[in-house]
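Tertiary structure, described
Residue strings, one per chain:
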Amino acid sequence: MTSVSSTMSQFVFPDDQPVVKLDAATAFSMLTTSEQLYSHYLSRASWWGGLVVLLQTSQESPDIFRLVQRVNTAEDVASMRTTALATGLTEQEVTAYLVYCAGFYGNMGNYKGFGDSKFVPNLAVDRLELLVKNCKAYKDSPVEMEKLWQMVKGPLYSLTDKEKQLGLGEKGVTKYFTPNCDMTDSEMVNRFMKSKNMEGYINRVIKTMEGGKVVYEIRHAGVEEKELSREEFEDCIFKVTVGDYNELLEKVSENLDMAVKHVANSDEKDMLVQYAKSFREGSLDRHKDGSRFWIKNKGPIVETYIGFIETYRDPAGMRGEFEGFVSMVNKEMSAKFQVLVDRAEEMLPALPWPKEFEKDTFLRPDFTSLDVLTFAGSGVPAGINIPNYDEIRQEEGFKNVSLGNVLSASYGVSKPAPFLSSSDNDILKLWKVASFEVQVGLHELLGHGSGKLFHAGNFPTGLTCPVGGGVVGCYGQGDTYDSVFTTIGSSYEECRAECVGLHLCLEPGVTEIFGHSGQQAEDIKYANWVSMVLAGVKGLEMFSPTSQEWKQAHSQARFVIMQIMLEAGEDFLTIKELVGEDGKPDLLITMDREKVLTVGQPAIAAFLLKLQVYKSTGDIAAAKEMFDKYSEVSEPWASRRQVVVDRKQPRPILVQSNTVLEEEKLKLMDYDPSPEGMVKSWAERFPDPTLDTILTKLAAKDRLLWA
């Protein structure tokens, strides 16, 4: 047997997996020496911090990383390939190993950052063993490598129903809770945290027994190891500690300290000082303070953000995954986004909710287009709206960023999309990237940036609910959006932001801000709407039939939007089953572009009103009932999912540059857009065995609790 069987295709990266280059060379070359050094140390902080994701993903991920990193740093790819072929492996098998490494590095673990499903090598375990046992790393350290191989070879390939996806309890694998926890434990911890006005971004939950009582340890990420508090709550013991990921966070902090020497202003200095304190002390408040300085730092040449940010992968929707990015501002594209910011206040009234549901004052954010130098974590998004902290976003402000070189690298159309007519594919070939730039801009600025959360005293008493009548409610003391909306929070908010983009892109003058008018603008609007439906159909891959759960927030959001458009009727949108040119089952999406304004927009507007009202008032019961209804994957979609999986096109993996400091001079190292280039970039990113020692220690610490 030379490769994994065809039935396993959804759990492997194909041998022809696309790998593309994230090109930042031109933007980096325009930085001053000080700015380059600033970006270098921030990049190192981000890369060290990104390794935390290994420990947030699966128990085996740190050890798999150690295995492949040892193999890949001991010799170059050409040497390893020559040896492997000489010992009887085929070219396909060596390629499959390199593709697995590229996928693992790109997702920072053995579960996909987009979709949360496990992936395994596309070569049999005995063939990978042959490669490992004949490589230079094994010959140099046979005892250590044999121990490491024996430790990982089982979980590397294991695909039990529970292991196929991330999830809580019996529904999947998670490192945010110990395996003896389920949703009941999550709800108990949530009640305790609410009673303490505590948020979950920087912690994990560890459940043990002590003297016959259940003990919940809420462990904060931080360098220092200490117990902050211990008390009884609902007949259980709750202790709050610091000390998760400590050695990695010390490396992050050391590099932030170095970056401080090259800041451009006091806001950047204060921001980095607070970030380093937050990582050393395990303090979310210090990270919030750093984020406040970050918001004030308008229009920097080098833009960055780092910490435990997005909550998509926590089954409870509260705990943040580590990410860090460093980028250079693209001034030309940023000027267009600034016009969007300038026009935002006149566009907000076009949203379909009463003014009482909008913030009293629009907090004008910085909105820039960035060329990313470094993005460390489980994947690279196209746009970001941060910080995620409710009290800062609602009262102090936020920033929007569109990642320009990610858009052009990842979203360019190289081959026709499935499920579309040739004429629609022609439109996407011309306008997919341009339409996505418009959607990202509207989604981030006026999607995530709009709407008000009702708390006692900040909305008119006796206000009538525009959905269903009655007096509106509000969030309670200690409530946040994340703590109330928990498991549906991420996908619900992404759905709201996507709907804002769809709705507003049709408004007069909006596409003109991005330089598109006339027929070009009409094609871009249509491309945006068709792309949303296509993403809704393709997103079915991200639904797990095993756990009956969606594993990707954006995919669920887009599937819901597709259902709203189908429900609008009047033959506005149809999706038909047919037999493709290859004789296999296929689907065809047909949208009547003449009805986008008359049928599509009113349907999205009516749905968007409900999304906002339920979010503003904290009405989780109504929100969940509605959202679950449209998220349900029943027939015909349950059967159509297999068609989608069979015709899926792999997401490209991004190869990123390294910055190398040699004799006080900085060099930017670029790599080929190939699995070999990806492997080389990581071998040169962490050539030092110090990392192996740190990961060995942190994985062993977790193994006691996640065995």
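Conventions used here
- Residues numbered from 1 in each chain as written.
- Predicted model: local features only at pLDDT ≥ 70, side-chain atom pairs only at ≥ 80, totals over all residues.
- Heavy atoms only, no water.
- Axes fitted to C-alpha atoms, helices over the stretch in contact; angles between N-to-C directions.
- Helix = DSSP H or I, 4+ residues; strand = E, 2+ residues; numbered from the N terminus.
- Parallel < 35°, antiparallel > 145°, perpendicular 65-115°, else oblique.
- Contact = heavy atoms within 4.5 Å.
- Nonpolar A, V, L, I, M, F, W, Y, C, P; charged D, E, K, R; others polar.
- Pairing = 2+ DSSP bridges.
- Core = buried A, V, L, I, M, F, W, Y, C linked by side-chain atoms within 4.5 Å.
- Buried < 20%, exposed > 50% of the residue type's maximum accessible area, 1.4 Å probe, protein only.
- Salt bridge = Lys/Arg side-chain N within 4 Å of Asp/Glu carboxyl O.
- Phe/Tyr/Trp six-rings, centres within 6.5 Å; stacked < 30°, edge-to-face > 60°.
- Expected span 1.5 Å × (residues − 1).

**Here's the deal with the packing of helix α4 (residues 61-74) against helix α25 (residues 675-685)**
Running from N to C, α4 and α25 cross one another at 95 degrees; their axes reach a closest spacing of 9 Å. Considered as vectors, α4 and α25 are oriented roughly perpendicular to each other. Only V679, W682 and A683 of α25 make contact with α4, whose side of the interface consists of F65, Q69, N72 and T73. Split into classes, the residues belonging to the contact of α4 with α25 amount to four nonpolar, three polar and no charged.

**Side note on the sheet that holds strand β7 (residues 321-330)**
The mixed open sheet is built from five strands, whose spatial order is β6-β7-β8-β10-β9. Each of the sheet's edge strands pairs with one partner strand only, and the pair in question is β6 (302-310) and β9 (383-386). Averaged over neighbouring strand pairs, the angle between their axes works out to 35 degrees when direction is ignored. Strand direction decides the pairing type here: β6 and β7, joined by eight bridges, are antiparallel. Bridge pairing in β7 places F308 opposite F322. The strands touched by helix α12 (residues 266-281) are β6 and β7; relative to β6, the strand with the most contacts, the crossing angle is about 25 degrees.

**Notes on the nonpolar core**
Formed by 106 residues in total, the largest nonpolar core has its most connected members in L51, F65 and L248. Here this core gets 10 residues from one element, more than from any other, and that element is helix α6 (residues 91-107). Contact partners of F65, with chain neighbours within four places excluded, come to L51, L54, F104, Y105, M108, W682, L691 and L695. L348, L351, I427 and Y526 belong to the second largest nonpolar core, which has 90 residues in total.

**Thoughts on the pattern of salt bridges**
Enumeration according to the criterion identifies 60 salt bridges in this entry. Salt-bridge contacts for E396 lead to R292; the nearest nitrogen and oxygen are separated by 3.0 Å. Here E396, found in the loop between α15 (390-395) and β10 (399-403), pairs with R292, found in helix α13 (residues 284-296); they are 104 residues apart in sequence, far enough to count as distant. We classify E396 as partly exposed; its relative accessible area is 39%. According to the relative accessible area criterion, R292 is partly exposed, its value standing at 23%. Via salt bridges that share partners, D63, R66, R70, E144, D692 and R703 belong to a single interconnected network.

**Some thoughts on the packing of aromatic side chains**
Counted by the stated rule, this structure contains 32 aromatic pairs. An angle of 35 degrees between the planes, with centres 6.2 Å apart, marks the rings of Y100 and F104 as tilted. Of this pair, Y100 and F104 both sit in helix α6, four residues apart, roughly one helical turn. The class of Y100 is buried, set by a relative accessible area of 4%. You can call F104 buried: its relative accessible area is 0%. Measuring from centroid to centroid gives 4.2 Å for F337 and F367, while their planes differ by 5 degrees, and the two rings are stacked. In this pair, F337 sits in helix α14 (residues 331-347) while F367 sits in strand β8 (residues 366-376), placing the two residues 30 residues apart along the sequence. Residue classification places F367 among the buried positions, given a relative accessible area of 1%.

**Structural notes on helix α21 (residues 553-567)**
With 15 residues, α21 ought to run about 21 Å at 1.5 Å a step, and its terminal C-alpha atoms sit 21 Å apart, in line with that. For α21, the buried fraction is high: 13 of the 15 residues fall into the buried class. Of the residues trailing α21, G569 is marked for its positive phi of about 70 degrees.

**As for unusual backbone geometry**
The omega torsion across I386 and P387 is 5 degrees, close enough to zero to call that bond cis. Structurally, P387 is set in the loop between β9 and α15. The omega torsion across E635 and P636 is 5 degrees, close enough to zero to call that bond cis. Relative to the helices and strands, P636 resides in the loop between α23 (620-631) and α24 (637-646). Even without being glycine, Y245 reaches a positive phi, approximately 60 degrees. As for its placement among the helices and strands, Y245 is situated in the loop between β5 (236-244) and α11 (246-260).

**Here's the deal with the sheet that holds strand β4 (residues 226-233)**
The strand order across the open sheet built from four strands is β2-β3-β5-β4, with neighbouring strands paired in mixed fashion. Each edge of the open sheet carries a strand with a single partner, namely β2 (203-210) and β4. With strand direction ignored, the average angle separating the axes of adjacent strands in the sheet is 20 degrees. Sheet topology places strand β3 (residues 213-221) next to β5; seven bridges connect them, and they run parallel. The residue of β5 that forms the bridge with A221 is D244. Sitting on the sheet, helix α26 (residues 690-706) touches β2, β3 and β5, and the angle it makes with β2 is about 50 degrees.

**Observations concerning the pairing of β8**
When a strand is regular, its side chains alternate between the sheet's two faces. The buried fraction of β8 amounts to 11 of the 11 residues, a majority that puts the element mostly inside the structure. As paired strands, β7 and β8 are joined by seven bridges and run antiparallel to one another. Paired with M328 across the bridge in β8 is D371. By the bridge criterion, five bridges tie β8 to β10 in an arrangement that is parallel. Residue pairing for β10: D366 is matched across the bridge by K399.

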